[in-house]
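Okay, here's what each chain looks like letter by letter:
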Amino acid sequence: MSKVKSYLSLIRFSHTIFAMPFAMIGFALGAFGAQTHVRPLWLLFLLVLGCMVFARSAAMAFNRWLDVEFDAKNPRTAIREIPRGIISKSSALRFVIVSCAAFVVCTWFINPLCFWLSFVALAVVLGYSYTKRFTPLCHLVLGLGLSLAPIGAYLAVTGRFAVLPILFSFTVIFWVSGFDIIYALQDEEFDKSHKLYSMPSWLGKAKALRVSEGLHLLSTACVIAAGWYGSFGPWYWTGVAVFMGMLVYQHLLVKPNDLSRVNLAFMTANGIASVVFAVFVIVDLVLHRANPLIF
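Residues numbered from 1 in each chain as written. Predicted model: local features only at pLDDT ≥ 70, side-chain atom pairs only at ≥ 80, totals over all residues. Heavy atoms only, no water.

## Brief notes about helix α7 (residues 112–131)
And then number 1: In a regular helix each residue adds 1.5 Å, so 20 residues correspond to 28 Å; α7 covers 29 Å between its end C-alpha atoms and thus fits that length.
And then number 2: The sharpest bend along α7 measures roughly 30° and falls at S118.
And then number 3: Considered for burial, the residues of α7 that qualify are C114, F115, S118, A121, L122, V124, V125, L126, Y128, S129 and T131.
And then number 4: Those residues of α7 hidden inside the fold are in contact with α3 (41–66), α6 (89–108), α8 (138–158) and α9 (163–184).
And then number 5: Where α7 begins, the capping side chain belongs to N111, and its oxygen is found 3.2 Å from the backbone nitrogen of L113. (Helix = DSSP H or I, 4+ residues; strand = E, 2+ residues; numbered from the N terminus. Expected span 1.5 Å × (residues − 1). Bend = angle between axes of the 7 residues up to and from the residue. Buried < 20%, exposed > 50% of the residue type's maximum accessible area, 1.4 Å probe, protein only. Contact = heavy atoms within 4.5 Å. Polar contact = N/O pair within 3.5 Å; in protein donor to acceptor, adjacent residues only side chain to side chain.)

Written out as C-alpha cells, the structure reads:
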C-alpha cells in the first residue's frame, strides 16, 4: 500500500479533479446528443475513465522523470518521490511506458479515430514536459494537453467532431494555462537562475498575473459562447456563475507580494470550479437532452 501511495503521489492523482469533470461533460454531450453510439455507453464510460487515468499518469510521471535534476535543486520540489529515492528513475520510466501502452489499448477498444489520435494526444501531454526549457508559452501547452479531455470523451462516444465540445476544450486551454501561471509564481527566482521559461520568470510576478487574468477572461468568454451556442438552460448558467466566481476568487487570493495562498487558489478554487460546473452542465443536459440546437 505504501508503494501505491507513492505512485499516486508521484502523479498527483488528486489533480485529476481538474480535467476529469470536463471529460465527463464531453461524454455527456455525446451520450445525450448523439443518435447512435459506437459502443455500449457503460463500456465507453469505463474506457474513457481508463484513458483519462492512464494518459494523465503517463504525463505526470514523465514530467517527474524528466525534471528530476531540477526538482532535486528546488527546495519546493526536492521532497518529491524521485529526488528522495522513494521511486527510482528507472521505475518511473517503466511506469510511464506501461501507462502509455494502457492508454493506447483503451483507445483501440473505443474506435479507430480515437486510436490514431491517441498518438497525437501522447505527443502533446508528454511533449509539454520539454517546453519549459525553451518557451514561456509552456502554460498554454499544458492547457492544450488537458483540453483534450472534453473533445476526446465526445469522440469516444460519437466517433465525430462537433463545435460544442471544441468550445469546452478552448475553455479548458485558457482556464488551465491561467491557473498554471499562478502556480508558477512560486518558482520565479528558481526558473530564472536555472534558465527555465515561464510567464513569471519572463515577465515578473505582476505582469504574469495580468496575463493569467486575460487568459481567464478568454476562458469565461468560451464558456459563455458554449452556453449560447448550445442553447443551455438555467442550470448551465448557474454553473457558469460558480465557475466565473471561482476564477475571480483565486485572483483575489494571490498578489505579487503575497503568495501564501497560492495552493488555496490552485487546488481549492479550481477544483470547485471544475466539479461544480460539470455537475450543473450535466444536469442541464439531462433536462434538455431533446434540444436539437445543442448538437
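We are not done yet, so read on.
## Looking at the packing of aromatic side chains
And then number 1: As enumerated under the stated definition, the model contains 22 aromatic pairs in all.
And then number 2: Ring centres of F18 and W175 lie 6.3 Å apart, and the angle between their planes is 85°; this geometry places the pair in the edge-to-face category. Residue F18 is found in helix α2 (residues 16–33), and its partner W175 is found in helix α9; the two are separated by 157 residues along the sequence. No difference in accessibility class separates F18 from W175, as the two residues are buried.
And then number 3: For the pair F62 and Y130, a centre-to-centre distance of 5.9 Å together with 55° between the ring planes defines the contact as tilted. Linking F62 in helix α3 with Y130 in helix α7, this pair joins segments that are 68 residues apart in sequence.
And then number 4: Given the relative accessible area of 39%, Y130 is considered partly exposed.
And then number 5: In textbook terms, an aromatic cluster arises when at least three aromatic residues are bridged by ring pairs, as seen for F18, F22, F168, W175, F179, F232, Y236, W237, F243 and F277. (Phe/Tyr/Trp six-rings, centres within 6.5 Å; stacked < 30°, edge-to-face > 60°.)

## Notes on the environment of H251
And then number 1: The residue H251 is located in helix α13 (residues 234–253) in this model.
And then number 2: Note on H251: relative accessible area 13%, which makes it buried.
And then number 3: Each C-alpha atom of the pair H251 and L196 lies 24 Å from the other, and the pair is 55 residues apart in sequence.
And then number 4: Apart from the residues lying within four places of it in its own chain, the contact partners of H251 are I182, L209, S212, E213 and H216.

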